[in-house]
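The lines below spell out each chain.
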2 protein chains.
Amino acid sequence: MIIDFIADYYKNVEKYPVRSQVEPGYLSKRLPESASNNPEPIEKILQDVQEHIVPGITHWQSPNYFAYFPSSGSIVGILGEMLSTCFNVVGFNWMSSPAATELESIVMDWLGEMLTLPKPFLFSGNGGGVLQGTTCEAILCTLVAARDQVLRIIGRENITKLVVYGSDQTHSAIQKAAQIAGINPNNFRAIRTTKSSLFGLTPDSPLSTIKSDVEAGLIPFFLCATIGTTSTTAVDPLGPLCKIAKKHSIWVHVDAAYAGSACICPEFRHFLDGVEDADSFSLNAHKWFFTTLDCCCLWVKDPSALIKSLSTYPEYLRNKASESKLVVDYKDWQITLSRRFRSMKLWLVLRSYGVTNLRMFLRSHVKMAKTFEELVASDKRFEIVVPRNFALVCFRAVPSVLSAEQANELNRELLESINASGKVYMTHALVAGIYMIRFAAGGTLTEERHVREAWKLVQQHLEAILCVSF
Amino acid sequence: MIIDFIADYYKNVEKYPVRSQVEPGYLSKRLPESASNNPEPIEKILQDVQEHIVPGITHWQSPNYFAYFPSSGSIVGILGEMLSTCFNVVGFNWMSSPAATELESIVMDWLGEMLTLPKPFLFSGNGGGVLQGTTCEAILCTLVAARDQVLRIIGRENITKLVVYGSDQTHSAIQKAAQIAGINPNNFRAIRTTKSSLFGLTPDSPLSTIKSDVEAGLIPFFLCATIGTTSTTAVDPLGPLCKIAKKHSIWVHVDAAYAGSACICPEFRHFLDGVEDADSFSLNAHKWFFTTLDCCCLWVKDPSALIKSLSTYPEYLRNKASESKLVVDYKDWQITLSRRFRSMKLWLVLRSYGVTNLRMFLRSHVKMAKTFEELVASDKRFEIVVPRNFALVCFRAVPSVLSAEQANELNRELLESINASGKVYMTHALVAGIYMIRFAAGGTLTEERHVREAWKLVQQHLEAILCVSF
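Here is what the cut-offs are and how they apply
Throughout, residues of each chain are indexed from 1 in the direction in which the sequence is written. Chain letters start at A and ligand numbers start at 1, both assigned in the order the entries are written. Totals for whole chains, interfaces and linings use every residue, but because this is a predicted model, local features are given only for residues with pLDDT of at least 70 and side-chain atom pairs only at 80 or more, for both listing and counting. Values reported for side chains reflect all heavy atoms of the structure, with hydrogen atoms and water molecules removed beforehand. The secondary structure listing takes helices from DSSP runs of H or I that are at least 4 residues long and strands from runs of E that are at least 2 residues long, numbered from the N terminus. Atoms counted for the radius of gyration: C-alpha only. Globule rule: 2.2 Å times residue count to the power 0.38. By definition in these notes, contact holds between two residues if any of their heavy atoms fall within 4.5 Å. Here the accessible surface of atoms and residues is derived via Shrake-Rupley with a 1.4 Å probe, and residues count as covered only by protein chains that are part of the display. The pairing criterion is simple: DSSP has to find at least two bridges between the two strands. Helix axes are fitted to C-alpha atoms over the stretch in contact, other axes to C-alpha atoms as well, and angles between N-to-C directions run from 0 to 180 degrees. Burial here depends on accessible area, computed with a 1.4 Å probe over protein chains only, as a share of the maximum for the residue type. Under 20% is buried, over 50% is exposed, and the range in between is partly exposed. Within this analysis, the arc is defined by the directions that extend from the helix axis to the C-beta atoms. The crossover handedness rule: strands pointing away from the viewer, path from first strand over the helix to second strand clockwise, crossover right-handed. By buried area we mean the combined loss of accessible area, with a 1.4 Å probe, across both parts when two parts are placed together. By definition, a salt bridge exists where a carboxyl oxygen of Asp or Glu is found within 4 Å of a side-chain nitrogen of Lys or Arg. Contacts described as polar in this section are N or O atom pairs within 3.5 Å, which, within protein, must combine one atom able to donate a hydrogen with one able to accept it, while residues neighboring in sequence count only if both atoms come from side chains. Classification convention: Asp, Glu, Lys, Arg as charged; Ala, Val, Leu, Ile, Met, Phe, Trp, Tyr, Cys, Pro as nonpolar; all other residues, Gly among them, as polar. Comment on the angle field: the value is read as roughly parallel under 35 degrees, roughly antiparallel over 145, roughly perpendicular from 65 to 115, and oblique elsewhere. Any two of the Phe, Tyr and Trp rings considered here, Trp counted by its six-membered ring, make a pair once their centres fall within 6.5 Å; the pair's planes then place it as stacked at under 30 degrees, edge-to-face at over 60, or tilted in between. In this analysis the charged atom, NZ for Lys or CZ for Arg, is taken to sit over a ring once it is within 6 Å of the ring centre and within 35 degrees of the ring normal. The domain limits used here are those given by an automatic or database domain assignment. Here a cavity denotes grid points, spaced 1 Å and computed from the protein atoms alone, that fit a 1.4 Å probe unable to get out, and a pocket denotes an open set having protein on both sides within 12 Å along at least 5 of 7 lines; residues with an atom within 4 Å of a point are the lining. Grid points are joined across faces, edges and corners, and a volume is the space filled by probe spheres set on the points. Expected helix span is computed as 1.5 Å times (number of residues minus one).

For the overall build of chain A, give the residues involved together with the corresponding values.
From N to C terminus, chain A includes 15 helices and 11 strands. Here the C-alpha radius of gyration of chain A, 24 Å, is about what a compact globule of 470 residues would show, namely 23 Å. By its C-alpha atoms, chain A is 70 × 65 × 50 Å across when sized along the principal axes. Counting contacts in chain A only where the partners sit at least 6 residues apart, residues at least 24 apart contribute 75% of the total. As presented, chain A carries roughly 15,800 Å² of accessible surface, and 54% of it is formed by carbon and sulfur atoms.

Dropping the structure here:
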């Protein structure tokens, strides 16, 4: 019954409005005020899911979903999730289910090799990988490890002097992680990027900021470089940034949440050049790697740095295997004690697709984005705001008569009009004062026809707006 | 195919050794060195799961699993997980899937009412509930909120003066959360408990510690009280502790990770007396509430305290609904940005069981533990170490000729012998120098016959050990 439900959902997902059209509070009007005392049959519950939940879903799995970044599930990803749910183990340490720990280590080495990550990030090179829930957790863990490395030298009382670096395009996860870790919120430096460097950091842009912080008696300790920023998929130059960081003993984390997946294709691997001098690297397999939420892959060169900060070993968890030091206890590599068997779905995706097919699918998404980009470029009423790096196209309408502010307003209106149609869903970015529409290809069900139809829709909505306005 | 696999797994789970019997490194010998280039059929993969993964699983779902605390999945919990995996939405804010947010708020109010939590913890009373992954996250979030509340008054530079309180039986999550949040590790106070208070805090036990901290110029700010400690399910007295805390403006978090579920039964609700003066309360539905991992329910009286510490609002997430302030954006109530649709499984469990049945099942587990307790008590070679509160029995063998140390060694040997048999799995605690065996009933598939057989096994293994030793 549930399998039928899921099959039907995927069969029909294209028909639903992509962005949910409900109003705030819609659901409490439809559900009872309290839990029922008596059991209800699954049939009835599934019927309610269809009637009351589905309308409130924004359909991330729709082939017409081009918002944010994709959340590219797959059938085999779902099967993997089902298997780990079936076993429902609480894999805090090796003992609590050896297969969960060992499969994770193996799969992280496999994926690391597919990315040609430098050996020191792999278990086979004395580093290692771990599956976190999301990049937010990966960044928090590495930031805390880096913080404690410094505090052990300079003393706890100097925590207020620590400074974190990123760009004005770095994901908000870094500021939030710093805030959680007790770093002074005034000590986050969002180094300015500009259109001339395509909104990436320039090789020496952090230099002056670091220098003036040091002169002010502050202590630089963490830098987050991004491969594929959230707004425009900008790429920071890893090599030069790591060189600067090394001089100041700054931990460099590379956030490749979205774009990291593409780097299993040789033609994209160059974006990771320089990663050999970073300390940690992460990507979200649940974004663009066919693995359902959540599944963030984090590799570190020095697992002991994580363990020193995150280890607990209460009596009730003591066991022979942990004492032997022959095993990995992943609880000491993450925030939480309990952990799900996430490697199962990643293993299934890797095996069921195979490396060749994974590359093919990623390339097909890039090709779809390229098609969309060409369509935009061929219409003089629009412009590509920044050149495309991966499968995201940032564009906007630019009727010539408008001021910068009017152009922003027009694109805001255009996007809302497109999304209100329910036929596709895209989101926006506002970078250096420019409001742009983001078209993120990468849905597992998306085909070229969806891309072409999406473009037609954009044109139609622009025309409708311009007809009314002028 | 996968459904058949899952059905077979549950049919056979009783036959597998409960605690996995593999040696460290077993899996890398069985799997290839790198990911395959070509796709592999699901049949082959499932066969490998059966042959290579299942032996490395410690079977938390076995009816003979009595270790740690239960991880009580259920068929309907699995269905709920499947549905949320099917939709695979990234529910960071209301807009990204209104149903995910609204169902969570509704279900948290339902469950709060089932627990008769005071109104100020519910949305309907201007508080509110949120689903975290685990208690570790719940504690970290509340601790950071409490920290920042104080730092806003006393200034950031005083972070090194903040002090956290718990007992020597409080879960290690509290120390880890404090460590992550940048609290000086020397400023965690594990207040000593004793057997005379059944390893719970006494009403005024934190008083002298708090007083001397204040005299030393330190600033108390967070206290974690536990309902059902990990080692022995001890209960801290909420009322008196909250009273002390209030005097010093200390945030009180109530960790009822395991035992909270039982409090939906009126006869157990008294353990929560005093919660009305606490600031936050959490329980793990994935422990003893038929909901698969992960699903921690956290209620707070003042959601704005969480939001002030954990909110980010980058441009690309801006949307009309959030601006309207009519909606909850749960990203601001937790560590991570992305979040799974966890309320689906909790909703399905509540509806499919119904409150009456849920109580019945919880009571049946308590009854099984009582049965086991009576069996232990009727055998003079054993003793119950602390009276049972819920469905955990702490016991040990106490042959009269042995010293305290010898008794510990004997019980250690006994437990290892029992677990090595693969027939059941129990774990241990070491409290006030006493090594005890923990028998945690609560497996969804466990019946009275499993409990009786487990007890027979304990007796047999003791006899075998005594025969060899003497």
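Could you give me a rundown of the sheet that holds strand β10 (residues 427–431) of chain A, with the residues and numbers involved?
All names here are of chain A. Here four strands make up an open sheet; going across it, the order is β8-β9-β11-β10 and the pairing antiparallel. The open sheet terminates on both sides in strands that have one partner only, identified here as β8 (382–386) and β10. Strand-to-strand twist in this sheet, taken as the mean axis angle between neighbours without regard to direction, amounts to 45°. Of the strand pairs in this sheet, β8 and strand β9 (residues 392–397) are connected by four bridges, and their pairing is antiparallel.

Could you give an account of helix α1 (residues 2–12) of chain B, naming the residues involved and the relevant values?
What sets the pattern is the α-helix's 3.6 residues per turn: residues three or four places apart point alike. Every buried residue belonging to α1 of chain B is among I2, F5, I6, Y9 and N12 of chain B, and all of these are buried. With its buried residues spanning 140° around the axis, α1 of chain B presents them on a single face. Considering only its buried residues, α1 of chain B is in contact with α3 (75–87) of chain A together with α2 (42–53) of chain B.

Give me the lowdown on the pairing of strand β4 (residues 219–226) of chain B, citing residues and values where you can.
Residues and elements named next belong to chain B. Burial runs high along β4: seven of the eight residues are buried. Pairing geometry for β4 and strand β5 (residues 251–255), over five bridges, is parallel. In the sheet register, L223 faces β5, and the bridge partner there is V252. Each parallel crossover has a hand, and the one from β4 via helix α8 (residues 238–247) to β5 is right-handed.

Tell me about the interface of chain A and chain B, residues and numbers included.
Listed as interface residues are 128 residues of chain A and, on the opposing side, 128 residues of chain B. Summing both sides of the interface, chain A and chain B together bury roughly 10,900 Å²; the carbon and sulfur share of this comes to 67%. By the criterion of area lost to chain B, the three top residues of chain A are K176, Y316 and R351 of chain A, representing 7% of everything that side buries. On inspection of chain A and its partner chain B, the count reaches four salt bridges. Across the pair R351 of chain A and D48 of chain B runs a salt bridge, and its minimum N-O distance is 2.8 Å. On the surface where chain A and chain B come into contact, there are 54 residue pairs in polar contact (both at pLDDT 80 or more). A total of nine residues in the side of chain A that touches chain B trace back to one element, the largest contributor, which is α3 of chain A. Tallied by class, the residues present in the side of chain A that touches chain B amount to 67 nonpolar, 37 polar and 24 charged.

Give a description of the packing of helix α1 (residues 2–12) of chain A against helix α3 (residues 75–87) of chain B that names residues and reports values.
With their axes 10 Å apart at the nearest point, α1 of chain A and α3 of chain B run at an angle of 10° to one another. It follows that α1 of chain A is roughly parallel to α3 of chain B by the angle criterion. Packed against α1 of chain A, whose contacting residues are I2, I3, F5, I6, Y9 and Y10 of chain A, the element α3 of chain B presents L79, M82, L83, T85, C86 and F87 of chain B at the interface.

Which residues make up unusual backbone geometry, and what are the values?
The omega torsion across L293 of chain A and D294 of chain A is -5°, close enough to zero to call that bond cis. Counting through the fold element by element, D294 of chain A comes out in the loop between α9 (285–288) and β7 (296–300). Of note, the phi angle at T116 of chain A is positive, near 40°, even though the residue is not glycine. The partly exposed category is assigned to T116 of chain A, whose relative accessible area is 44%. Backbone geometry at F290 of chain B places phi at a positive 70°, although glycine is not the residue there. Its relative accessible area of 0% is what places F290 of chain B among the buried residues.

Lay out the packing of aromatic side chains in plain terms, naming residues and giving numbers.
As enumerated under the stated definition, the model contains 62 aromatic pairs over all chains in all. Look at F221 of chain A and F222 of chain A: their rings are 6.0 Å apart centre to centre, the planes differ by 45°, and that puts the pair in the tilted class. A relative accessible area of 1% means that F221 of chain A is categorised as buried. In this structure an aromatic cluster arises from ring pairing among F5, Y9, Y10 and Y16 of chain A together with F87 and F341 of chain B. Across the ring face of F69 of chain A, the terminal group of R438 of chain A is positioned such that the distance to the ring centre comes to 4.9 Å.

I'd like a rundown of the side chain of R189 of chain B, residues and numbers included.
Its location among the elements puts R189 of chain B in strand β3 (residues 188–191). Among residues more than four places away in sequence, those in contact with R189 of chain B are V163, V164, Y165, G166, T209, D213 and L218 of chain B.

How would you explain the domain arrangement of chain A if you had to name every residue and give the values?
Residue and element names in this part refer to chain A. What the domain assignment lists for chain A is domain 1 (80–353) and domain 2 (361–469). Each partner contributes to the interface: domain 1 provides 25 residues, whereas domain 2 provides 21 residues. For the pair domain 1 and domain 2, the summed buried surface comes to about 1,900 Å²; carbon and sulfur atoms form 73% of the total. Its largest share of buried area at the contact with domain 2, domain 1 owes to T233, W288 and F290, together 27% of the area lost on that side. Summed over the shared surface of domain 1 and domain 2, the result is one salt bridge. Between E267 and R363 there is a salt bridge, and its shortest N-O distance comes to 2.6 Å.

Can you tell me about the sheet that holds strand β6 (residues 280–284) of chain A, naming the residues and giving the values?
Residue and element names in this part refer to chain A. The strand order β1-β7-β6-β5-β4-β2-β3 describes an open sheet built from seven strands, whose pairing is mixed. Every interior strand has two partners, whereas the edge strands, β1 (128–132) and β3 (188–191), have only one. Geometrically, the sheet is characterised by an average inter-axis angle of 20° between neighbouring strands, direction not taken into account.

Hey, could you go over the layout of surface pockets for me, with residue numbers and the actual values?
Which parts of space are left empty comes out when a probe the size of a water molecule is rolled across the atoms. Residues and elements named next belong to chain B. Its volume calculated, the largest pocket comes out at about 840 Å³. In terms of lining, the largest pocket is formed by 29 residues, of which the most central are S105, F123, L326, V327 and V328. Secondary structure elements with two or more residues in the lining of the largest pocket: α4 (98–114) and α11 (320–324). Counting residues per element, the lining of the largest pocket draws most heavily on α4, which supplies seven residues. Grouping the constituent residues of the lining of the largest pocket by class yields 13 nonpolar, seven polar and nine charged.

So what's going on with the pairing of strand β10 (residues 427–431) of chain B? Which residues, and what values?
Residue and element names in this part refer to chain B. Judged by how many residues are buried, β10 sits mostly within the fold: four of five residues are covered. Sheet topology note: the β10/strand β11 (residues 434–440) ladder contains five bridges and is antiparallel. If you follow H428 over to β11, its bridge partner there is I437. Once β10 ends, the chain turns through two residues before running back antiparallel as β11, passing A432 with a positive phi of about 50°.

Lay out the pattern of salt bridges in plain terms, naming residues and giving numbers.
Pairing of side chains with opposite charge becomes possible as their charged atoms draw close. Residues and elements named next belong to chain A. A full pass over the atoms with the stated rule returns 54 salt bridges over all chains. Here K331 and D332 are joined by a salt bridge, their closest N and O atoms 2.9 Å apart. For K331, a relative accessible area of 2% gives the class buried. Given a relative accessible area of 9%, D332 falls into the buried group.

Please set out the packing of helix α5 (residues 135–154) of chain B against helix α10 (residues 303–310) of chain B residue by residue, giving values where relevant.
All names here are of chain B. Their axes nearest at 8 Å, the elements α5 and α10 cross at an angle of 85°. As judged from the angle between their axes, α5 and α10 are roughly perpendicular. On the side of α5, the interface is formed by C141, T142, V144, A145, D148, Q149 and R152, while α10 contributes A305, L306, K308, S309 and L310. Split by residue class, the contact of α5 with α10 holds six nonpolar, three polar and three charged.

Provide a residue-level description of α4 of chain B, including the pertinent values.
Residue and element names in this part refer to chain B. For α4, built from 17 residues, the straight-helix expectation of 24 Å at 1.5 Å per residue is met to within 8% by its first-to-last C-alpha distance of 24 Å. In terms of burial, α4 is largely enclosed, as 16 of its 17 residues are buried. The positive-phi residue at the C-terminal boundary of α4 is T116, with phi of around 45°.

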